[in-house]
Amino acid sequence: MTQHPDFPSSPAHRRAARRAGIVSAALLAVVAFVGSAILPASAAGPDLPSTAQTRTAADGGVGVSVTGISHPIAVPGDTVTVRAEVTNTTTRVLDGAQARLTVDHLALTSRAQIAAWADAGPQDQVYGNRETVRPVPRLEPGDSTTVTFTYDPGIDAPQGFGARRLAVAVGDATGRLGIARSFLMYDADGAERVPLKLSVLAAVTSPATDPADPDAAELELAQQTASGQRLDGVLEVAEKSAVSLAVDPNLMGMAEASEDPELRGWYSRMLAAAGKTATFTLPDHDPDIAALAHAGVLSTGPRSFLRGPRAGVWEVPATWHTDLALPAEGVVPDIETLNLAVAAGRPDVVVGSGGLAHEGEGTVTGRAEVRTPSGPAHAVVTDEALTQAFLAATDLSAAESAASAQETAGATSVTTASTAVEGRSGCSPRRPPS
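All values derive from a computational prediction rather than experimental measurement.

1. As for the overall build of the chain
Next up, step 1: The secondary structure content of the chain amounts to nine helices and 20 strands.
Next up, step 2: Within the span of the chain, comprising 434 residues, buried residues form 45% of the whole.
Next up, step 3: For the chain, the proportion of contacts with a sequence separation of at least 24, taken over those separated by at least 6, is 79%.
Next up, step 4: Accessible surface, the chain as shown: approximately 20,700 Å² in total, 51% of it carbon and sulfur.

2. Remarks on a nonpolar patch on the surface
Next up, step 1: Residues Ile 73, Val 75 and Phe 161 make up a contiguous nonpolar surface patch of about 220 Å² in total accessible area.
Next up, step 2: Tracing the chain through its elements places Phe 161 in strand β10 (residues 161–172).
Next up, step 3: On the basis of relative accessible area, Phe 161 is assigned to the partly exposed category, the value being 36%.

3. Considering the pairing of strand β7 (residues 98–108)
Next up, step 1: Bridge count between β7 and strand β8 (residues 132–135): four bridges; the pairing is antiparallel. Bridge pairing in β8 places Ala 99 opposite Arg 134.

4. Points about the packing of aromatic side chains
Next up, step 1: As enumerated under the stated definition, the model contains two aromatic pairs in all.
Next up, step 2: Seen in terms of ring centroids, Trp 117 and Tyr 127 are 5.9 Å apart; in terms of plane orientation they differ by 65°. Their pairing is edge-to-face. A residue pair is termed long-range when its members are at least 10 positions apart, and Trp 117 in helix α1 (residues 111–118) and Tyr 127 in the loop between α1 and β8 qualify at ten residues.
Next up, step 3: On the basis of relative accessibility, which here comes to 3%, the residue Trp 117 falls in the buried class.
Next up, step 4: A relative accessible area of 30% means that Tyr 127 is categorised as partly exposed.
Next up, step 5: Over the face of the ring belonging to Tyr 127 we find Arg 165, whose NZ or CZ atom lies 4.3 Å from the ring centre.
Next up, step 6: Here the basic side chain of Arg 181 rests over the ring of Trp 117, its NZ or CZ set 4.7 Å away from the ring centre.

5. Digging into the sheet that holds strand β5 (residues 62–69)
Next up, step 1: Sheet architecture is open: three strands sit in the order β5-β6-β9, paired in antiparallel fashion. Taken across any chain shown, the strands that pair with only one partner, and hence form the sheet edges, are β5 and β9 (144–151). Taking each pair of neighbouring strands and ignoring which way they run, the sheet shows an average axis angle of 25°.
Next up, step 2: The pairing of β5 with strand β6 (residues 80–88) spans seven bridges and is antiparallel. Residue pairing across strands places Gly 63 opposite Thr 87, the latter belonging to β6.

6. Points about the pattern of salt bridges
Next up, step 1: For the coordinates displayed, the defined rule picks out seven salt bridges.
Next up, step 2: Salt bridges sharing partners connect three or more residues here, namely Asp 95, Arg 138 and Glu 140.

7. Description of the sheet that holds strand β18 (residues 367–372)
Next up, step 1: The sheet built from four strands is open, its strands ordered β15-β16-β19-β18 with mixed pairing. Strands at the two margins of the open sheet, each flanked by one partner only, are β15 (324–325) and β18.
Next up, step 2: Pairing of β15 with strand β16 (residues 348–351), which is carried by two bridges, proceeds in the parallel orientation. Within the sheet, the bridge partner assigned to Leu 324 lies in β16 and is Asp 348.
Next up, step 3: Its contacts with the sheet put helix α7 (residues 335–343) on β15, β16, β18 and β19 (375–381), and the angle it makes with β18 is roughly 90°.

8. Thoughts on the environment of Met 270
Next up, step 1: Structurally, Met 270 can be placed in helix α5 (residues 261–274).
Next up, step 2: Relative accessible area serves as the criterion here: at 0%, Met 270 is assigned to the buried category.
Next up, step 3: Residues Met 270 and Ala 238, spaced 32 residues apart in sequence, show a C-alpha to C-alpha distance of 7.8 Å.
Next up, step 4: Beyond its immediate stretch of four places on either side in the chain, Met 270 contacts Val 204, Val 234, Leu 235, Leu 245 and Met 252.

9. Quick notes on the nonpolar core
Next up, step 1: One finds Val 204, Leu 245, Met 252, Trp 266 and Met 270 to be the most contacted residues of the largest nonpolar core, which totals 26 residues.
Next up, step 2: Among the elements of the structure, β12 (196–204), α2 (214–225), α3 (230–240), β13 (244–247), α4 (249–257) and α5 are those that each provide at least two residues to this core.
Next up, step 3: Top element by residues in this core is α5. It accounts for six residues.
Next up, step 4: One finds Ala 74, Ala 84, Phe 149 and Tyr 186 within the second-largest nonpolar core, a separate group that totals 25 residues.

Parameters at a glance
Residue numbers run consecutively from 1 along every chain, following the written order of its sequence. Local features in this predicted model are restricted to residues of pLDDT 70 or higher, and side-chain atom pairs are both shown and tallied only at a pLDDT of 80 or more, whereas totals for entire chains, interfaces and linings draw on every residue. Side-chain metrics in this entry use all non-hydrogen atoms of the structure; hydrogen atoms and water are not considered. By definition, any uninterrupted DSSP run of H or I lasting at least four residues is a helix, any uninterrupted run of E lasting at least two residues is a strand, and each is numbered from the N terminus. Only protein chains enter the accessibility calculation, which uses a 1.4 Å probe; a residue is then buried when its area is under 20% of its type maximum, exposed when over 50%, and partly exposed in between. Working rule for contacts: check all heavy atoms of both residues, and any pair within 4.5 Å makes them a contact. Methods summary: accessible areas were calculated by the Shrake-Rupley approach with a probe of 1.4 Å, and residue burial reflects only the protein chains presented. Patch membership needs two things, relative accessible area over 30% and no salt bridge, and members are linked within 9 Å if like-charged or within 5 Å if nonpolar (Val, Leu, Ile, Met, Phe, Trp, Tyr). Each salt bridge in this description consists of a side-chain nitrogen of Lys or Arg and a carboxyl oxygen of Asp or Glu lying within 4 Å of one another. Note: two strands are recorded as paired if DSSP finds a minimum of 2 bridges between them. Within 6.5 Å between ring centres, the rings of Phe, Tyr and Trp (the latter by its six-membered ring) count as paired, and their orientation is classed by plane angle as stacked under 30 degrees, edge-to-face over 60, tilted in between. Whether a charge sits over a ring comes down to the Lys NZ or Arg CZ being within 6 Å of the ring centre and within 35 degrees of the ring normal. Axis definition: a line fit to C-alpha positions, over the contact stretch in the case of helices; interaxial angles, taken between N-to-C directions, run 0 to 180 degrees. Take the buried Ala, Val, Leu, Ile, Met, Phe, Trp, Tyr and Cys residues and link them wherever side-chain atoms come within 4.5 Å; each set so joined is a nonpolar core.

In structure tokens form, the structure reads like this:
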């Protein structure tokens, strides 16, 4: 990784709304490839799409999509069945066309290669040493058919583990009419693989409030922690999943000192959950460190942002880490921001996707060291694609919307989305660092 010399500055006047919630999914997360500084979980890695977007040739207008691949991960000896749907989206009869399956024996080793293949155009190159050809039945305009292929990976003797380019192209004597690009996962030797290490960091923070109006701040917190709301959801995930937490101490102090029994109950459960994982304390009131850096705020002295007033008399547990800085969502920290974080004793800084660029091929570690006037900052680089995949897997809003609609209609059952824990896709937790 390398530092970009032109990080965009964070405007001093902007205190971004901190970590706005994902409704009822219960999780506000930052996902990064990191080491042991933040609690990792082992996983097999994000799933590749089972089918790439259908692309039709400009003059052909035939839709092609891969609808099924029999083996999630094929190994030597497997015979893979591939199903593709062909749709005649033209206004003429499609007759005499053929569908051709090609599979590349070379494994893709970077996200850029995967994206390039999925985003290739209708007439771009396909890869593979041989084609498997099947006739496409006569199709009237608007009609569809399914074409089935069998493929023996052993014929091409692919090596190693990884995704291979798979394509189903439809054409006739005039040329290619449409194509679908997908992937075949293949494991040549079946060896035990070192799991991909992911870290998920959930922010236990509330929206910006006026410190001079504690009653309004407590009311806002009570609403955020109510059943089905964002902080209630974060608690649910924290109790059931191996995620790390970044907590605003003022929020915890406010909850502990509250006379609202439900808010105090949320506090007790959150404190217990935080004690079982890697938990990081943020500065009180969770200020945007990027805005502070550009406002010339210092980390030392009586007016330091680290000395902000805290609700109640709550004390941060000794087991919580205090070295993390979490700039506002959507802000790519620059040198000034990283420098203030280091000066404040928070050298581990979460950097938004795009803040640091990876150079070369291979697996991105998600960590980078950046030199600042106050010393080295250890940047933890978030991964936008993995973050969105994780949030989608743990977002229960679709299920709750379906349940609400079903109740309105008087139905008796509903199929729900994956739960937050199921969305972790088989991750096995490790003990947090001591």
